[in-house]
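What follows is each chain in one-letter form.
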Amino acid sequence: GNSDSAEELEEVTFVLDWTPNTNHTGLYVAQEKGYFEEQGLDVEIVMPGEAGADQTVATGKAQFGISAQEAVTEARVQDIPIVSIAAVIQHNTSGFAAPKEKGITSPADFAGKTYGGWGAPVEAAVIDSLMKQEDASVEDVEIINMGNTDFFTAVERDVDFAWIYYGWTGVQAELRDVELDMLYLTDYSEKLDYYTPVITTNETMIEENPETVSAMVAALEKGYQFAIENPSDAADILVVEVPDLDEELVHASQEWLSPKYQDDAEQWGIQTEDVWRNYAEWMFENDLLESELDVEAAFTNEFLPE
Amino acid sequence: MFEKSYSAIIVIVSILTIWEITSRLLQIPTWILPAPTTIVQEAFTSWHNYNHHILSTITLTGSGFAIGVSVGLLIAILLHLVPRIREALYPLLILSQNIPIIVLAPLLVIWFGFGITPKLLIITLVCFFPIAVATIDGLKQTNPELIHYMKMAGATNRQIFTKLELPHAIPQLFSGLKISATYSVMGAVISEWLGANQGIGVYMTLASSSFRTDRVFVAIFFIMILCLIFFSLIITAERLILKWRPSEEGKR
Amino acid sequence: MFEKSYSAIIVIVSILTIWEITSRLLQIPTWILPAPTTIVQEAFTSWHNYNHHILSTITLTGSGFAIGVSVGLLIAILLHLVPRIREALYPLLILSQNIPIIVLAPLLVIWFGFGITPKLLIITLVCFFPIAVATIDGLKQTNPELIHYMKMAGATNRQIFTKLELPHAIPQLFSGLKISATYSVMGAVISEWLGANQGIGVYMTLASSSFRTDRVFVAIFFIMILCLIFFSLIITAERLILKWRPSEEGKR
Amino acid sequence: MSTLEIEQLSKSFGSQPILEQLQFHVKEGEFVSLLGPSGSGKSTIFHLIGGLYKPDYGSIRLNGNEISGQKGSISYMPQTPSLFPWRTILENVTLGVELFEKPDKEKAKKMLERAGLADYIDAYPHELSGGMRQRVAFIRSILSPQPFICLDEPFSALDEFTRLEMQKWLLSIWDEERPSVLFVTHNIEEAIFLSDRILVLGSKPAQVIKEFDIAFDRPRNGELTLTSEFLDVKKAVYQTLRGELDD
Amino acid sequence: MSTLEIEQLSKSFGSQPILEQLQFHVKEGEFVSLLGPSGSGKSTIFHLIGGLYKPDYGSIRLNGNEISGQKGSISYMPQTPSLFPWRTILENVTLGVELFEKPDKEKAKKMLERAGLADYIDAYPHELSGGMRQRVAFIRSILSPQPFICLDEPFSALDEFTRLEMQKWLLSIWDEERPSVLFVTHNIEEAIFLSDRILVLGSKPAQVIKEFDIAFDRPRNGELTLTSEFLDVKKAVYQTLRGELDD
Ligand SMILES: Nc1ncnc2c1ncn2[C@@H]1O[C@H](COP(=O)(O)OP(=O)(O)OP(=O)(O)O)[C@@H](O)[C@H]1O
Ligand SMILES: Nc1ncnc2c1ncn2[C@@H]1O[C@H](COP(=O)(O)OP(=O)(O)OP(=O)(O)O)[C@@H](O)[C@H]1O
Ligand SMILES: [Mg+2]
Ligand SMILES: [Mg+2]
């Protein structure tokens, strides 16, 4: 145990990036199985709501949070002192999805179709870099902003394809018998294989309470390891902890996701500089960043258990 | 209104019926728009899952509304009694209604953490404004003849206020209360999106993010019930307090 | 109020100054709370980036508000004139204010796509309610002595309504207008989150998601300006229309 | 053209009977005054004729047609001026006409001048004195088109001379157009000076306890009030009223 | 205990001068009536004494102290009853006292009974007739604690007998406590019957054009009005007023 005062549990707040889902299973397993307590932590898990996780973690109102590489990159460029301390999933599981009947099987098919997004410049850039490989251009795609509308609603009307995480929305489509064509970013571009989601903390924690950070990562590692080995039990735990989630979806999603947490890496949570550098460079080249990222400061593997 | 509410009930029941029939006829999938019976069924079967959410929201709404009303009244009174303050603060009141949650939320969390304080603040922000505006206007519209009498009779400003202007503004205060009461439940739900562990708002986002449209509607159902209850409490209070009014004979 | 608004300006300027000074003294990072000067600077340097957003929001707000006011008035009049309809529909009005955007949004998108219609609907939904409630209450509170005169004089219901009740309800209608005007800009911004390609709401979400807090505040700044302009238009109209009121001598 | 027949009229508020089996009529072109103690039910009679309330029992016939519960059959001046605060004086006096036809502004202005309100045509009611407001309400009722006029204490807030002026004016209008008038006043002299007939009401509940036919020639002028015949009538009315109050 | 001295009082509304260099006084325990044409400025004088408006010029002294612009020095009955619609009759009459001390409900109830309003103690103003409301306002002013009483046409909506009752009652109260009273009326007989002194006001702008000392013995009773001395005074006042109006 890393805990110096074994009796007193240290209270920390862990803020999610969204509503609880299978990306967070390790966290809930650690909570339920007492891994946090073993590490001397008393963890309160909160949803960020409108507040957003990153600023909350940066200011220290929450000590840990869930974010994604792209957000950490943008945040750090804006001098927001958050650091990624573990990758939850080794490879990017997101991609562009369209119902089968839309007939979108490769990026070239985007041309003449309507993309529903949230209006960020990064979307056009990503679509463009995919399409360029097949000599098509984003110019031919109509991009509309679908705001908070969910994928299934959007494709009912106006929208042909959208950007989703397969592990949740894609699995939901399977459950609903909606057949999807899924184009993973990783299938088209090395540079777009970034980490999402990641565990974050702030620089102050790293400087002043490195033991706490280690304890957190250790507990999480144990939790995710459990989820990797026992997908079904882990799903059960998540459903018990967050009973308002749909049980069927959680199980299906967990089955799909469990092998992907560690994937081909030597250890759960490990991050490589290449991935960070590639994506930051790609963003910078596409005018998505105002300045270059100090890659070394953005992430660290030092808290991962030996 | 709620005594003779059978016609309201008829309308609501007909809407529900039409909804049910269309759902069944067009076979609208549950995840787009669940049929009322589906919703009711879900409401019953998972009652034990969410009843604590409802309780939590009721508490939040109640306390938030109470604070909001008090703040609204205090502001109205202050602004009415001290015209200098009115000129200075009125624009700020309006501005306060235009701070988007997206901005306020991080700031509130940074300042107050994830506790109940920021949530109460949001409900207060939502509730106080209609009450303040309606009450200020109500106070301003006091019958000048009666004000003249009070002044001539030597009433202090305080007496003019408590004995004349305030009772005179009560009908308008109730307009404000009705608007605020209507908003309060929604305000509580929104405030729960600010990072909460329970409440109808949390239940609803969870349901929504796991595509359980039927549960979303269960949540809405309870939001609406809550709101109607709040509203009818206000109306009952209005009727009790304004019982001196001329009866309806000779009115429309 | 806005003629003698120097004290309001003083207050606002002092708030800005305190904000600026604390920002500088405590060195609050821009991404938490940018100093006013930073915001102004950003507002100037990237004006060409967002001016079309502002224009689009103004148009949206204006048309939405106009529709909302008309709907609110119509509903108030209808509910006032036909008591049966009042009983049946009043609860529905309240319920309409409790449909969370999270639910409404998908439905609106399915029915109306991503065009301007669903956005106008949302602004209308936000604006009509305070006007309807305030006007209904205003109409109800018409001086019974004057109603008696009108009836004895043989006025038709329509005449009682147009010549007496409506002018009598105007002060209260203005309470409602003020509340609605305040909400309208925010309503437009929220409606833009429903999927729009331009507007202050879009600009703000983008700024927020790329951690450009300064731009978020530029957006808020314009939202507030817009809102104050709207509000002062209403107040000016109120003053012009209610010019028959006794002057202030002999009032507080 | 206008006759009014009231028969067996009864009305109570709550458990309190105000009118019971009230019975009287007004002939065509007749000027009838109602005298009675304060609170006896005079204004209530007007409210019933005007259709504001429905009688509990009995009938009200205007020109032979039942009008109980039916509004707008009479030109009416209420006991309190009931002016619309957001209308100017001119707009207030034309209100009664406006309900039926396009008002004649010039005529209204002339009337206001005649009543000594020339300077106040564009003023708002709150700028007027009590007596001035009463005159405005009076002109409003006079301008209304209905041929049956009900006036509820129209001159109570006027000084004796203005009152006399207004009485004379009322008589001259009446002479010209001969509407039927039902007039409530507490001033016995006024009632005698103006009326063809005076009805004295008893109270709780109200019924007609005595009728006086006033046979003085018309046109009448101020001198009349000094004649001994006038004083005799006055005394008789006075006694009747006192008798009612002493019960 | 209460004397009132008004000197060089001037007031205009807009460009219209209403009072100009008005000058009069009320001695301790004196009963003074103001008579004058409708719209001449009587109510305005009350408003100035009550401090509702500030005079443009001149002074108002109560017991030697300047009170212009200072509120609450007088017991006041406005020309319109100005009752609070949400208060019962009992609560309305005690309002004036309430502003200064705990009201004596029993006394208030007795007064209401005396004024014939026993059945209406818990009624709301809209359930009363015009004359009944006026009596309520009268009692409210009588109950108010200030020793200087200003009454603005208090009995104008009452029938002759109720009016006489109220006059007698007023006199008996006045006899007991001897407050100073300033009384506005349009009824010359009433003014003579009640007052020690009558001030006749001219109009546009208002000033005192004549004073009458009324020397009849007190206590006075109804017979007095039938004496020839009374009629003489009445004629004289009448002439003065008429002269004013004929100008
Ligand atoms: N809306 C009402 N509710 C209850 N009682 C009422 C109402 N209107 C009138 N009354 C009662 O009816 C009686 C007669 O009232 P009304 O106004 O007709 O008297 P009036 O003869 O006009 O008296 P006044 O000469 O004082 O005006 C009164 O006792 C009054 O209290
Ligand atoms: N608030 C005001 N604004 C403008 N003019 C006013 C105002 N109040 C009174 N006046 C004017 O002052 C004059 C005197 O009014 P006041 O009410 O004092 O008359 P009064 O002698 O009481 O008449 P009455 O016997 O009819 O009650 C009137 O010409 C009136 O128009
Ligand atoms: Mg009456
Ligand atoms: Mg007056």
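Residue indices begin from 1 for each chain and proceed along its sequence in written order. As a convention, the first chain written is A and the first ligand written is 1, with the rest following in written order. The model is predicted, so local features are restricted to residues of pLDDT at least 70 and side-chain atom pairs to those at 80 or more, both for listing and for counting; the totals for chains, interfaces and linings are taken over all residues. Hydrogens and water are ignored here; the side-chain numbers use all heavy atoms of the structure.

*Asks:* I keep staring at the side chain of Ser180 of chain C and nothing clicks. Help me out?
*Replies:* Residues and elements named next belong to chain C. The numbering of helices and of strands both runs from the N terminus, where a helix is a DSSP run of H or I of at least 4 residues and a strand a run of E of at least 2. In this structure, Ser180 sits in helix H8 (residues 157-192). Only protein chains enter the accessibility calculation, which uses a 1.4 Å probe; a residue whose area is less than 20% of its type maximum is buried, one above 50% is exposed, and one in between is partly exposed. You can call Ser180 buried: its relative accessible area is 0%. When near neighbours in sequence (up to four residues on either side) are disregarded, Ser180 contacts Phe65, Cys127, Pro130 and Ile131. Every residue pair with non-hydrogen atoms within 4.5 Å of one another is taken to be in contact.

*Asks:* Sorry, what's going on with the domain arrangement of chain D here?
*Replies:* Interfaces are often sized by the accessible area lost when the parts come together. All names here are of chain D. Throughout the structure description, domain borders are defined by an automatic or database domain assignment. If you check the domain split of chain D, you get domain 1 (4-74 + 147-246) and domain 2 (82-145). For domain 1 and domain 2, the distance between their C-alpha centroids amounts to 24 Å. Each side of the interface is counted separately: domain 1 has 16 residues, and domain 2 has 13 residues. Taken over both partners, the interface formed by domain 1 and domain 2 buries close to 1,200 Å², and the fraction arising from carbon and sulfur atoms is 70%. When two parts are brought into contact, each loses some accessible area as probed by a 1.4 Å sphere; the total of that loss over both is the buried area.

*Asks:* Got a minute to help me understand the coordination of the magnesium ion (ligand 4) in this structure?
*Replies:* All names here are of chain E. Donor atoms (N, O, S) are those found within 2.8 Å of the metal centre, with the cutoff raised to 3.2 Å for Na, K and Ca; water is not part of the atom list, so apparent gaps in a site can occur. Every protein donor of the magnesium ion (ligand 4) is accounted for by Ser43 (OG) and Gln79 (OE1), and the metal-donor separations fall at 1.9 to 2.1 Å. Here the residue Ser43 occupies a position in helix H1 (residues 42-49), and Gln79 occupies one in the loop between strand S6 (75-77) and helix H2 (89-93), the gap between them amounting to 36 residues. Taking the relative accessible area as the measure of exposure, Ser43 reaches 18% and is therefore buried.

*Asks:* Just to check I follow, could you spell out unusual backbone geometry for this structure?
*Replies:* Peptide bonds are mostly trans, and most non-glycine residues show a negative phi. Here the residue pair Thr196 of chain A and Pro197 of chain A is connected by a cis peptide bond, since its omega of 0 degrees sits within 30 degrees of zero. When you line up the elements, Pro197 of chain A lands in the loop between strand S9 (180-184) and strand S10 (198-202). Pro219 of chain D follows Arg218 of chain D through a cis peptide bond whose omega is -5 degrees. Mapped onto the fold, Pro219 of chain D is located in the loop between strand S10 (208-213) and helix H8 (228-246).

*Asks:* For this particular structure, what's the right way to read the site of ligand 2?
*Replies:* We define proximity as follows: a residue is near a molecule or strand when any one of its heavy atoms falls within 4 Å of that partner. What surrounds ligand 2 is a group of 22 residues, the closest being Tyr120 and Ser129 of chain D together with Lys42, Ser43 and Thr44 of chain E. More than a single chain frames ligand 2: its nearby residues are located in chains D and E. Here a polar contact is recorded for every N or O atom pair within 3.5 Å, except that within protein the pair must consist of a potential hydrogen donor and a potential acceptor, and residues adjacent in sequence are included only if both atoms are side-chain atoms. Between ligand 2 and Ser129 of chain D, the relevant distance is 2.7 Å, taken from an oxygen atom to a side-chain nitrogen or oxygen of the residue. Contact between ligand 2 and Gly131 of chain D: an oxygen atom at 2.7 Å from a main-chain N or O atom of the residue.

*Asks:* Just checking my understanding: could you explain the interface of chain D and chain E for this structure?
*Replies:* With 30 residues of chain D at the interface, the matching set in chain E holds 29 residues. With both sides pooled, the region where chain D packs onto chain E buries about 2,300 Å², and carbon together with sulfur makes up 52% of that total. On the chain D side of the contact with chain E, Ser38, Glu160 and Phe161 of chain D bury the most area, a combined 26% of that side's loss. The salt bridge definition used is simple: a Lys or Arg side-chain nitrogen within 4 Å of an Asp or Glu carboxyl oxygen. At the junction of chain D and chain E, the tally comes to 0 salt bridges. Remark: the boundary between chain D and chain E carries 11 residue pairs in polar contact (both at pLDDT 80 or more). When contributions to the side of chain D that touches chain E are tallied by element, the ones reaching two or more residues are helix H5 (130-143), helix H6 (160-177) and H8 of chain D.

*Asks:* I keep staring at the sheet that holds strand S5 (residues 65-66) of chain D and nothing clicks. Help me out?
*Replies:* Strand pairs in the sheet, formed through backbone hydrogen bonds, run parallel or antiparallel to each other. All names here are of chain D. Strands are treated as partners if at least two bridges between them are detected by DSSP. With antiparallel pairing, 4 strands are arranged side by side in an open sheet as S2-S1-S4-S5. For this open sheet the edge positions go to strand S2 (16-26) and S5, each flanked by a neighbour on one side alone. For strand S4 (residues 57-62) and S5, the ladder comprises 2 bridges, and the chain directions are antiparallel. Bridge pairing links Leu62 to Asn65 in S5. Axis lines are fitted to C-alpha atoms, over the contacting stretch for helices. Their N-to-C directions set the angle, which ranges from 0 to 180 degrees. Running at roughly 115 degrees to strand S1 (residues 4-13), helix H1 (residues 42-49) makes contact with S1, S2 and S4 of the sheet.

*Asks:* Honestly, a negative patch on the surface in this entry has me stumped. Any pointers?
*Replies:* Residues and elements named next belong to chain A. A cluster of acidic side chains, namely Glu11, Glu37, Asp42 and Glu44, defines a negative patch on the protein surface. Its location among the elements puts Glu37 in helix H2 (residues 35-38). Given the relative accessible area of 53%, Glu37 is considered exposed. Excluding any residue in a salt bridge, patches collect residues exceeding 30% relative accessible area, merging like charges within 9 Å and nonpolar Val, Leu, Ile, Met, Phe, Trp and Tyr side chains within 5 Å. Note on areas: Shrake-Rupley with a 1.4 Å probe; residue coverage comes only from the protein chains shown. When charges are tallied, Lys and Arg are placed among the positive residues and Asp and Glu among the negative ones, while His and the ends of the chain are skipped. Lys charges are placed at NZ, Arg charges at CZ, Asp charges at CG and Glu charges at CD.

*Asks:* It is not clear to me how H5 of chain D should be interpreted in this structure. Could you clarify?
*Replies:* Residue pairs spaced three or four apart in an α-helix point in one direction, given the helix's 3.6 residues per turn. All names here are of chain D. Expected span of a helix: the number of residues minus one, times 1.5 Å. Across its 14 residues, H5 extends 20 Å between first and last C-alpha, which sits within 8% of the 20 Å expected from 1.5 Å per residue. Buried residues dominate H5, accounting for 12 of its 14 residues. Taken together, the buried positions of H5 are Gly131, Met132, Gln134, Arg135, Val136, Ala137, Phe138, Ile139, Arg140, Ser141, Ile142 and Leu143.

*Asks:* Would you mind showing me how to read the interface of chain C and chain B here?
*Replies:* If you look at the interface, chain C gives 73 residues, while chain B gives 73 residues. Roughly 6,400 Å² is buried in total at the junction of chain C and chain B, and carbon and sulfur atoms are behind 67% of that figure. Put simply, chain C and chain B have 2 salt bridges between them. In this structure, the salt-bridge partner of Asp137 of chain C is Lys178 of chain B, at a minimum N-O distance of 3.0 Å. Between the two partners, chain C and chain B, sit 8 residue pairs in polar contact (both at pLDDT 80 or more). The leading source of residues in the side of chain C that touches chain B is H8 of chain C, at 14 residues. Residue polarity is assigned by list, with Asp, Glu, Lys and Arg as charged and Ala, Val, Leu, Ile, Met, Phe, Trp, Tyr, Cys and Pro as nonpolar; anything else, Gly included, falls into the polar class. Taken together, the residues of the side of chain C that touches chain B sort by class into 48 nonpolar, 13 polar and 12 charged.

*Asks:* Even after reading the chapter, I still don't get the packing of aromatic side chains, so can you show me in this structure?
*Replies:* Each aromatic ring pair is described using two quantities: the centre-to-centre distance and the angle formed by the ring planes. In this analysis, rings of Phe, Tyr and Trp, with Trp reduced to its six-membered ring, are considered paired at centre separations within 6.5 Å, and the interplanar angle assigns stacked below 30 degrees, edge-to-face beyond 60, and tilted for intermediate values. On inspection of all chains with the given rule, the structure shows 56 aromatic pairs over all chains. Geometrically, the ring pair formed by Phe155 of chain D and Phe183 of chain D is tilted, given 6.1 Å between the ring centres and 50 degrees between the ring planes. Of the two residues, Phe155 of chain D is situated in the loop between strand S7 (148-152) and H6 and Phe183 of chain D in strand S8 (residues 180-184); the sequence distance between them amounts to 28 residues. With respect to burial, Phe155 of chain D and Phe183 of chain D carry one shared label: buried. Considering the side-chain rings of Phe31 of chain E and Trp174 of chain E, the 5.7 Å spacing of their centres and the 80 degrees angle between planes classify their relative orientation as edge-to-face. Placement of Phe31 of chain E in strand S3 (residues 31-35) and of Trp174 of chain E in helix H6 (residues 160-177) is noted, with a sequence separation of 143 residues between them. Among the aromatic residues, those joined into a ring-pair cluster are Phe128, Phe129 and Tyr183 of chain B together with Phe128, Phe129 and Tyr183 of chain C. Looking at Arg176 of chain A, its charged tip hangs above the ring of Phe152 of chain A, at a distance of 4.3 Å from the centre. A ring is considered to have a charge above it if a Lys NZ or an Arg CZ atom is located within 6 Å of its centre and within 35 degrees of its normal.

*Asks:* How do you make sense of a nonpolar patch on the surface when you look at a structure like this?
*Replies:* Residue and element names in this part refer to chain B. Together, Phe221, Ile225, Ile229 and Leu233 make up a nonpolar patch on the protein surface, roughly 370 Å² of accessible area in all. By secondary structure assignment, the location of Leu233 is in helix H10 (residues 213-241). When its relative accessible area of 54% is taken as the criterion, Leu233 is described as exposed.

*Asks:* What exactly am I supposed to notice about the site of ligand 1 here?
*Replies:* Surveying the vicinity of ligand 1 reveals 22 residues, the closest of which are Ser43 and Thr44 of chain D together with Tyr120, Ser129 and Gly131 of chain E. Neighbouring residues of ligand 1 are not confined to one chain but are distributed across chains D and E. Measuring from an oxygen atom of ligand 1, one finds a side-chain N or O atom of Thr44 of chain D at 2.5 Å. Measuring from an oxygen atom of ligand 1, one finds a backbone N or O atom of Gly130 of chain E at 3.5 Å. With the chains in place, 90% of the 630 Å² that ligand 1 exposes on its own is no longer accessible. Elements with a minimum of two residues in the shell around ligand 1: H1 of chain D together with helix H5 (130-143) of chain E. Classifying every residue of the shell around ligand 1 by side-chain character gives 6 nonpolar, 12 polar and 4 charged.

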